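Reading the structure
So you can see what is in the structure, the chains are spelled out below.
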Amino acid sequence: MPPISTNMHFGKLFIENSKVKIQIPSFIIGMMSPDTINEDDFEDFHTLDEDGNIDVRDFYEKFDMKNLNIVQKSFILGYYCHLWFDEYYKFNASKLRIHNNIDLTDEELVAAIKSILKYYDNKAINNFFDNYKKEIEEFNVDINLKEIEGICIDKSKDQICEFLKDTIPDVNYPQLIEEHEYMSFIENGCSKIMRSL
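Residues numbered from 1 in each chain as written. Predicted model: local features only at pLDDT ≥ 70, side-chain atom pairs only at ≥ 80, totals over all residues. Heavy atoms only, no water.

1. Structural notes on the overall build of the chain
- Counting its secondary structure elements, the chain contains nine helices and zero strands.
- Walking the chain from its N terminus toward its C terminus, one meets helices and strands in the order α-α-α-α-α-α-α-α-α.
- A compact globule built from 197 residues should have a C-alpha radius of gyration of about 16 Å, and the chain, at 17 Å, falls within 12% of that.
- With the C-alpha coordinates of the chain rotated into their principal frame, the extents come out at 55 × 40 × 35 Å.
- The 197 residues of the chain split such that 49% are buried.
- Contacts in the chain between residues far apart in sequence, at least 24 positions, make up 84% of those at least 6 positions apart.
- Between the centroid of the 21 positive side chains of the chain and the centroid of its 37 negative side chains there is a distance of 7 Å. (Helix = DSSP H or I, 4+ residues; strand = E, 2+ residues; numbered from the N terminus. Rg over C-alpha atoms; globule rule 2.2 N^0.38 Å. Buried < 20%, exposed > 50% of the residue type's maximum accessible area, 1.4 Å probe, protein only. Contact = heavy atoms within 4.5 Å. Lys, Arg positive; Asp, Glu negative; His and termini not counted. Charge placed at Lys NZ, Arg CZ, Asp CG, Glu CD.)

Structure, rendered in structure tokens:
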């Protein structure tokens, strides 16, 4: 699964490219909600198919989007965006070329990759969500949809606030993954999800 910074990066691109009006705090909270679920409830809230893959279409089609208000619709779009990106990441992230020219150990390599992705994500996000921090903290709306009953909005809000407080890491190995390749990976995903809708 992608790190929170990568989800936020993807979410920003989705918001910027969406042709429908989005209530951004609700969208962001919806986008973080799948990662706040207990392990026991994971399958229920991720709409897994018989192969263990997320059936994003099945999730999306549970909702009558035309009859939802802007807050509900934005939340569901965020949630959908997260599930969709989980699947995209699972099947495509391994295509990113890693240039381990300095023979980092497996442990060092994992830490270095996390660091550089977070650095690229934060660079792309560029404080975009800071404008919505107060609205996210004060978000107190009951989404009121039986299909996602049991989702904990407060956990999502806490995760987002922690992310917004976090610092940008130093990048010790900038050549590890090329920035343009990573950005293309995220942008291609965004183009594909837009076509899916």
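2. A look at unusual backbone geometry
- Here the phi dihedral of asparagine 126 falls at roughly 50 degrees; this positive angle occurs in a residue that is not glycine.
- For asparagine 126, the position within the fold is in the loop between α6 (106–125) and α7 (133–137).
- Exposure remark for asparagine 126: the relative accessible area of 56% places this residue in the exposed category.
- One non-glycine residue, asparagine 127, adopts positive backbone phi at about 65 degrees.
- Note on placement: asparagine 127 falls in the loop between α6 and α7.

3. Things to note about the packing of aromatic side chains
- One pass over the structure, following the stated rule, counts 15 aromatic pairs.
- Ring geometry for phenylalanine 128 and tyrosine 132: centres 5.9 Å apart, planes at 50 degrees, overall tilted.
- Judged by relative accessible area, which is 18%, phenylalanine 128 ranks as buried.
- The rings of Phe10, Trp84, Phe85, Tyr88, Tyr89, Tyr119, Tyr120, Tyr182 and Phe185 are connected pair by pair, giving a single aromatic cluster. (Phe/Tyr/Trp six-rings, centres within 6.5 Å; stacked < 30°, edge-to-face > 60°.)

4. Things to note about the pattern of salt bridges
- Evaluation of the coordinates by the stated rule reveals nine salt bridges.
- Residue lysine 12 pairs with glutamate 16 through a salt bridge whose shortest N-O separation is 2.9 Å. Here glutamate 16 and lysine 12 lie together in helix α1 (residues 4–17), a separation of four residues that amounts to about one turn.
- Residue lysine 12 is classed as buried on the basis of its relative accessible area of 13%.
- Where glutamate 179 meets lysine 123, a salt bridge forms, and the shortest distance between an N and an O atom there is 3.0 Å. Within this pair, whereas glutamate 179 is found in helix α9 (residues 179–196), its partner lysine 123 is found in helix α6, the two being separated by 56 residues in sequence.
- Note on lysine 123: relative accessible area 45%, which makes it partly exposed. (Salt bridge = Lys/Arg side-chain N within 4 Å of Asp/Glu carboxyl O.)

5. Examining the packing of α1 against α6
- Interaxial distance between α1 and α6 falls to 9 Å at its minimum, and their mutual angle equals 30 degrees. Considering the angle they form, α1 stands roughly parallel to α6. With respect to the hand of their crossing, α1 and α6 are arranged in left-handed fashion. Within the contact between the two elements, α1 uses Ser5, Thr6, Met8, His9 and Lys12 and α6 uses Leu117, Lys118, Asp121, Ala124 and Ile125.
- When its residues are assigned to classes, the contact of α1 with α6 shows four nonpolar, three polar and three charged. (Axes fitted to C-alpha atoms, helices over the stretch in contact; angles between N-to-C directions. Parallel < 35°, antiparallel > 145°, perpendicular 65-115°, else oblique. Left-handed = near helix turned anticlockwise from the far one by under 90°. Nonpolar A, V, L, I, M, F, W, Y, C, P; charged D, E, K, R; others polar.)

Such coordinate-based values are descriptive only and should not be taken to indicate function.
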